[in-house]
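Inside the fold
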Amino acid sequence: MKSRADEMHRIMDFKHNIRNVSVIAHAGHGKSTLTNYLAVAAEDVWRADTHQDDAEHGVTMKFTGIPLCYEMSNDFLKNYRGERQGNRYLVELIDIPWDMDFSSEVPANRIADGALVVVDCVEGVSVQTKTALRQALDQKIRPVLTINKMDRFFLQLKLDGEDAYQRCSMVIESANAILATYDDPSSTCLGDVRVYPEKGTVAFSAGLHGWAFTLTNFAKMFASEFGVDEATMMERLWGENFFDPKTQKWTNHHTGSPSCRRGFVQFCYEPIKQIIRDCTEGKAGLWPMLGKLGVTMKSEEKDSTGMTLMKLVMQSWLPASTALLEMMIFQLPSPADAQKYRVENLYEGPLHAKYAKAIRNCDPHGPLMFYVSRMIPAASDKGRFFALGRILSGTVSIGMKVRIMDPDYVPGCEKKKENVLVKTIWIGNKQETVEDMPCGNILTVYSKDQFITKNAIFTDTKEVDAQPIRAMKRTILSKILCCFR
């Protein structure tokens, strides 16, 4: 029987089926809760707050990285147009602390290609999230957005559909204002990085109760009813699109009729509101409605009541992991795609050199370029550290002799490099050992740690002309704000 590490190692060879995703949010907006549901969906017993400091404070204070494997169905992938190798995907989640006091963790953002931005639907986009978005775009990281804590609209604020739509719209506009400001108009590699619900780059989630949706969920339900394809239906579910069930007509403005409502309100918000109300109030109409939606519940689950029943029903109908995975797989790039345009931000040397070409092509047979993002303290051996980072080109293997270069290394300067032996290669924080690992993946390496302060580059000892990864620009905005406070 194959072990978890063997199964993961097999997928790591499929660079088009890998997503390296950082999770960006202000403290308390619910990113660790959402990532825990992603881990559960991968049948991985893991919590985002695995560090003792995280558990004590209730927020992520230390960098956390975890690889998660998913087997996606053919139906889930039927509309996927990118290159892929089979139905198994590896999502490397990078849970990074973005609170004011933890900005030293930012270099971990360098190893991601995409970002899942989590924003509280009531509090909106915070100053720190804006800073994180700027840093992500500086590194050519493509974002997707989830508007979290949507349950507050239904249970706490009891908003009607139009008010809820306007609040969500304000969050999206606020995020897009930042994305448009920091987007580089001279660069065509990323294209439009703004997020749009009708394009599938925005999700609506309730991390506390484990449910989420994109407009894709409801477009699939109603597209055939209106005789349109899913893409057209998604466009009707956002923006100035209104439907009147009495006339059975769509318009681009409110007609003034009491039965005329916005598409999002009519077909997304109100069905959720109805089910939540029926669950919490114990109404008999719940089960016929769930039958129409194709939601099946276990007999013991049907005996639940109130908030417990609501949580079980919503997780069965709109599981958070499905919506978030849809965005990450469909909308965020693989290492094979991302490194084509990120190489100019990564490699310090000439872009025509073989090292830059290997990074651009994510070539597992090219010269080794392994970027160490952070040194992780060893739990079992105090005073020792492990190097966590990403392989940009080549393949690293146990027993391989590598050259370590500091970020400020200059070719020909022997004081800034050391040769060491790779002793162990681990996957994730469970310390599962593999013999080798190709480019595009995030891993932990155990070797001599006295030569690395925080960031470094590993390359082949014979590659004497290799230059380091470009130093990352650090922001001091967070520290300035703390000082003023």
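Residues numbered from 1 in each chain as written. Predicted model: local features only at pLDDT ≥ 70, side-chain atom pairs only at ≥ 80, totals over all residues. Heavy atoms only, no water.

Each helix and strand in the protein was counted, giving 16 helices and 20 strands. The burial tally for the protein puts 56% of its 485 residues in the buried class. Carbon and sulfur atoms make up 50% of the accessible area of the protein, which totals about 20900 Å². (Helix = DSSP H or I, 4+ residues; strand = E, 2+ residues; numbered from the N terminus. Buried < 20%, exposed > 50% of the residue type's maximum accessible area, 1.4 Å probe, protein only. Areas by Shrake-Rupley, 256 points an atom, 1.4 Å probe, with all protein chains shown as cover.)

A separate point is the packing of aromatic side chains. According to the stated counting rule, one finds 21 aromatic pairs in the structure shown. Measuring from centroid to centroid gives 5.4 Å for Y80 and F330, while their planes differ by 80 degrees, and the two rings are edge-to-face. Note that Y80 is positioned in the loop between β2 (64-71) and β3 (88-95) and F330 in helix α13 (residues 320-331), a separation of 250 residues in sequence. For Y80, a relative accessible area of 14% gives the class buried. Its relative accessible area of 25% is what places F330 among the partly exposed residues. Seen from their ring centres, F370 and F458 are 5.3 Å apart, and the 75 degrees between their planes marks the pair as edge-to-face. Of this pair, F370 sits in strand β11 (residues 369-377) while F458 sits in strand β20 (residues 456-460); the two residues are 88 residues apart in sequence, bridging distant segments of the chain. Residue classification places F370 among the buried residues on the basis of a relative accessible area of 0%. We classify F458 as buried; its relative accessible area is 1%. (Phe/Tyr/Trp six-rings, centres within 6.5 Å; stacked < 30°, edge-to-face > 60°.)

Before going further, it helps to examine the nonpolar core. Ranked by size, the top nonpolar core spans 86 residues in total, and within it I147, F204, W211 and I272 carry the most contacts. In terms of residue count, the dominant contributor to this core is helix α9 (residues 263-281) (nine residues). For F204, the residues in contact, after removing those within four places along its chain, are T146, I147, M150, C168, P197, W211, A212, F213, L215, W238 and F264. By size, the runner-up hydrophobic cluster in this structure holds 30 residues, among which are V434, L443, V445 and F458. (Core = buried A, V, L, I, M, F, W, Y, C linked by side-chain atoms within 4.5 Å. Contact = heavy atoms within 4.5 Å.)

So, about helix α15 (residues 354-361). Owing to its 3.6 residues per turn, the α-helix aligns residues three or four sequence positions apart on the same side. All of the buried residues along α15 are Y355, A356, A358 and I359. Down the axis of α15, the sector holding all buried residues measures 160 degrees, keeping them to one side. Taken together, the buried residues of α15 touch α14 (335-346), β11 and β12 (385-393). (Arc of directions from axis to C-beta.)

Let us look at the confidence of the model for the protein. Mean pLDDT for the protein: 85, with 83% of residues reaching 70 or above. Residue range residues 45-61 is modelled with pLDDT below 50. Its contacts to residues more than four positions away, or to other chains, number 38 contacts. (pLDDT = per-residue confidence, 0-100.)

Summed over all chains, the structure comprises zero disulfides. In this structure C168 is not part of a disulfide, and its nearest cysteine sulfur, from C121, lies 6.5 Å away. On the accessibility criterion, C168 (0% relative accessible area) is buried. (Disulfide = S-S within 2.5 Å.)

Attention now moves to the sheet that holds strand β9 (residues 249-251). Across a sheet, strands are paired by hydrogen bonds formed along the backbone, either parallel or antiparallel in direction. Strand order in the open sheet formed by three strands is β9-β8-β10, with antiparallel pairing between adjacent strands. At either end of the open sheet lies a strand with only one pairing partner, and these are β9 and β10 (261-262). Both strand β8 (residues 242-244) and β10 contribute to a ladder of two bridges, which runs antiparallel. Counted as the bridge partner of F243 is R261 from β10. (Pairing = 2+ DSSP bridges.)

So, on to the layout of surface pockets. Empty space among the atoms becomes visible once a probe the size of a water molecule is rolled across them. Taken as a whole, the second largest pocket holds about 530 Å³ of empty space. Taken together, 26 residues form the lining of the second largest pocket, with N217, M221, L293, W317 and L318 sitting closest to its centre. Residue assignment for the lining of the second largest pocket shows that the elements contributing at least two residues are α7 (215-226), α9, α10 (286-293), α12 (306-317) and α13. Top contributing element to the lining of the second largest pocket by residue count: α7, with six residues. Its residues assigned to classes, the lining of the second largest pocket shows 14 nonpolar, seven polar and five charged. (1 Å grid on protein atoms, 1.4 Å probe; cavity = no way out; pocket = protein on both sides within 12 Å on 5 of 7 lines; lining within 4 Å. Points joined across faces, edges and corners; volume = space filled by probe spheres on them. Nonpolar A, V, L, I, M, F, W, Y, C, P; charged D, E, K, R; others polar.)

A few words now on the pairing of β11. The buried fraction of β11 amounts to eight of the nine residues, a majority that puts the element mostly inside the structure. Of the strand pairs in this sheet, β11 and β12 are connected by eight bridges, and their pairing is antiparallel. Along β12, the bridge assignment pairs Y371 with R390. Where β11 lies against β20, four bridges are found, and the strand directions are antiparallel. Within β20, the residue paired with V372 across the bridge is A456.

Most of strand β5 (residues 142-148) is tucked away, with seven of its seven residues classed as buried. Alternating positions in β5 separate into two faces, R142, V144, T146 and N148 on one and P143, L145 and I147 on the other, with burial throughout. Judged from the seven bridges that link them, strand β4 (residues 114-120) and β5 form a sheet pairing that is parallel. Bridging from a neighbouring strand, A115 pairs with P143 of β5. As a crossover connection, the stretch from β4 through helix α4 (residues 127-138) into β5 is right-handed. Relative to strand β6 (residues 202-206), β5 runs parallel, the two sharing three bridges. Within β6, the residue paired with L145 across the bridge is V202. (Right-handed = clockwise from strand over helix to strand, strands pointing away.)

Within the structure shown, the criterion is met by 15 salt bridges. Between E71 and R88 there is a salt bridge, with the nearest N and O atoms lying 2.9 Å from each other. Taken together, the residues E71 in strand β2 and R88 in strand β3 connect sequence positions 17 residues apart. Note that D75 is salt-bridged to K78, the shortest N-O span being 3.7 Å. (Salt bridge = Lys/Arg side-chain N within 4 Å of Asp/Glu carboxyl O.)

Once that is clear, we can look at the packing of α7 against α9. In the contact formed by α7 and α9, the axes pass within 11 Å of each other and the chain directions differ by 120 degrees. One element, α7, and the other, α9, form an angle in the oblique class. For α7 against α9, the interelement crossing comes out right-handed. Packed against α7, whose contacting residues are L215, F218, F222 and F226, the element α9 presents F264, F267, C268 and I272 at the interface. A breakdown of the residues in the contact of α7 with α9 according to their chemical character gives eight nonpolar, no polar and no charged. (Axes fitted to C-alpha atoms, helices over the stretch in contact; angles between N-to-C directions. Parallel < 35°, antiparallel > 145°, perpendicular 65-115°, else oblique. Left-handed = near helix turned anticlockwise from the far one by under 90°.)

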